[in-house]
Amino acid sequence: MASETGTQSVERALGVLRVFTAGRPELRVSDVASAVGLSLSTASRLLQTLEAAGFVDRDPVSGLYRLGLDMVSFGGAVLNSHPVHREARQVAQNLAAELGLGANVAVRRGDELFYLLNFEGRLAPRPFVLAGQRNPLHATGLGKALLSGLSSTERRVLLEDLPAYTPRTIVTHDKLDDAIAAAVARGYATEVEELALGRACVAAPIRDGSGAVVAGLSVSGPLSAIDLPNREATLASAVIEAADSISIGLGYHGPARVPLQSVVVE
């Protein structure tokens, strides 16, 4: 019983921490209790314990809780030990500086993509950090790059539903199959306002020594900065070259992909 109680306490504490990654950076005790399904007293006790450990901080004026800076140490240790992050960090940073766009690297976690890192270029600033956040696979260029490593059947099992985020989101597997087939043929995927209006990206898969798709690299930004009608071939070449260099660092020695030089944007 003692072991089960200890396990339950750990699960509850982890549940409390996960609440802070869901969108709102600062929460009341009642917010946490409601989100995790705990009583106010239990949520308060867990938050006090996490605060003492440095995992959450409490604003002395508002009384609101937020994740503590000690969490950065854990996140940094995880990223520094991840092979894709180690190989991709400098490459992505250089890409963002060269193109002036956001450069992002993500891996697949279940039916979502998980950002390992991102750098913002001068033409595509963001007021927040993408690393650690998640996005849908079917509505992003990065997601399509990651899905290109799966068969059509595997994609249908993984993604039962394809929810719409904008009028341009792909919401059927047949159309997703077509988009991924095109991405595989040319070596890169695109996304134009499928997740958020006014934004677009170009992405390519990253492979490990076995040839498996283990991550994706993209450049993203506002439509005016991406300018796909005029820059798609240039951006695709840069993204594929960068993704290939990361793949080589991971032990991949397969054929490099060269994008089409003449691209028609619908």
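Residues numbered from 1 in each chain as written. Predicted model: local features only at pLDDT ≥ 70, side-chain atom pairs only at ≥ 80, totals over all residues. Heavy atoms only, no water.

**Some points on the overall build of the chain**
- Along the backbone of the chain there are 10 helices and eight strands.
- Looking at the chain as a whole, 43% of its 266 residues are labelled buried.
- Of all intrachain contacts in the chain linking residues separated by at least 6 positions in sequence, the fraction that spans at least 24 positions is 55%.
- As displayed, the chain offers around 13800 Å² of accessible surface, 54% of which is attributable to carbon and sulfur atoms. (Helix = DSSP H or I, 4+ residues; strand = E, 2+ residues; numbered from the N terminus. Buried < 20%, exposed > 50% of the residue type's maximum accessible area, 1.4 Å probe, protein only. Contact = heavy atoms within 4.5 Å. Areas by Shrake-Rupley, 256 points an atom, 1.4 Å probe, with all protein chains shown as cover.)

**Details of the nonpolar core**
- L95, V105, V202, I206 and L217 are the most contacted members of the largest nonpolar core, which has 35 residues in total.
- Among the secondary structure elements, those contributing two or more residues to this core are helix 5 (83-99), strand 3 (102-109), strand 4 (112-119), strand 7 (199-207), strand 8 (213-222), helix 9 (223-226) and helix 10 (228-249).
- The element that contributes the greatest number of residues to this core is helix 10, accounting for nine residues.
- Those residues within four positions of V105 in sequence are excluded, and the remaining contacts are V84, A88, A92, F114, Y115, L116, L117, I206, G216 and L217. (Core = buried A, V, L, I, M, F, W, Y, C linked by side-chain atoms within 4.5 Å.)

**Comments concerning the sheet that holds strand 8**
- In spatial order, the strands read 5-4-3-8-7-6; together these six strands make up an open sheet with antiparallel pairing. Whereas interior strands pair on both sides, the edge strands pair on one side only; in this sheet they are strand 5 (134-136) and strand 6 (189-192). Each neighbouring strand pair of the sheet contributes to a mean axis angle of 30 degrees, computed without reference to strand direction.
- Inspection of the sheet shows strand 3 paired to strand 8 by five bridges, in the antiparallel sense. Bridge pairing in strand 8 places V105 opposite L217.
- Running over the sheet, helix 10 touches strand 6, strand 7 and strand 8 and is turned about 25 degrees from strand 7. (Pairing = 2+ DSSP bridges. Axes fitted to C-alpha atoms, helices over the stretch in contact; angles between N-to-C directions.)

**Observations concerning the environment of G54**
- If you trace the backbone, G54 turns up in the loop between helix 3 (40-52) and strand 1 (56-58).
- G54 gets classed as buried once you look at its relative accessible area, which sits at 13%.
- Expressed as a C-alpha distance, the spacing of G54 and M71, which sit 17 residues apart in the sequence, is 7.7 Å.
- Those residues in contact with G54 that sit more than four places away from it in its chain are G68, L69, D70 and M71.

**Brief notes about the pattern of salt bridges**
- A full pass over the atoms with the stated rule returns 10 salt bridges.
- In this structure, the salt-bridge partner of E193 is R168, at a minimum N-O distance of 3.8 Å. Pair noted here: E193 is in the loop between strand 6 and strand 7 and R168 is in the loop between helix 7 (152-158) and helix 8 (173-186), with a separation of 25 residues, a long-range link.
- Among the ionic contacts, a cluster of salt bridges with common partners joins R155, R156, D174 and D177. (Salt bridge = Lys/Arg side-chain N within 4 Å of Asp/Glu carboxyl O.)

**As for unusual backbone geometry**
- Even without a glycine there, the phi angle at E193 is positive, about 55 degrees.
- One non-glycine residue, D227, lies in the positive phi region at around 50 degrees.
- With respect to the helices and strands, the residue D227 is situated in the loop between helix 9 and helix 10.
- Look at D227 and you get partly exposed, because its relative accessible area is 24%.

**Here's the deal with the packing of helix 2 (residues 29-36) against helix 3**
- As a packed pair, helix 2 and helix 3 sit with axes 9 Å apart at the nearest point and diverge in direction by 110 degrees. Classified by the interaxial angle, the pair formed by helix 2 and helix 3 is roughly perpendicular. Here helix 2 contributes V29, S30, V32 and A33 to the contact with helix 3, which in turn contributes L40, A43, S44 and L47.
- The residue inventory of the contact of helix 2 with helix 3, partitioned by class, reads six nonpolar, two polar and no charged. (Parallel < 35°, antiparallel > 145°, perpendicular 65-115°, else oblique. Nonpolar A, V, L, I, M, F, W, Y, C, P; charged D, E, K, R; others polar.)

**Considerations on the environment of T169**
- Take T169: it is sitting in the loop between helix 7 and helix 8.
- Spatially, the C-alpha atom of T169 lies 5.8 Å from that of A139, the residues being 30 residues apart in sequence.
- Only 3.0 Å separates the side chain of T169 from the backbone nitrogen of Y165, close enough to count as a polar contact. (Polar contact = N/O pair within 3.5 Å; in protein donor to acceptor, adjacent residues only side chain to side chain.)

**Some points on the side chain of D177**
- Within the secondary structure, D177 is located in helix 8.
- A polar contact is formed between the side chain of D177 and the side chain of S152, at a distance of 3.0 Å.
- Sequence-distant contacts of D177, defined by excluding residues within four places in its chain, comprise S152, R155 and R156.

**Focus: the pairing of strand 4**
- Of all eight residues that make up strand 4, seven are buried, and the element is covered over most of its length.
- Relative to strand 4, strand 3 runs antiparallel, the two being bridged by seven bridges. Looking across to strand 4, one finds that A106 is bridged to Y115.
- With antiparallel pairing between neighbouring strands as the criterion, strand 3 and strand 4 make up a hairpin whose turn holds two residues, including G110 at a positive phi of roughly 65 degrees.
- Across three bridges, strand 4 lies against strand 5 in antiparallel orientation.

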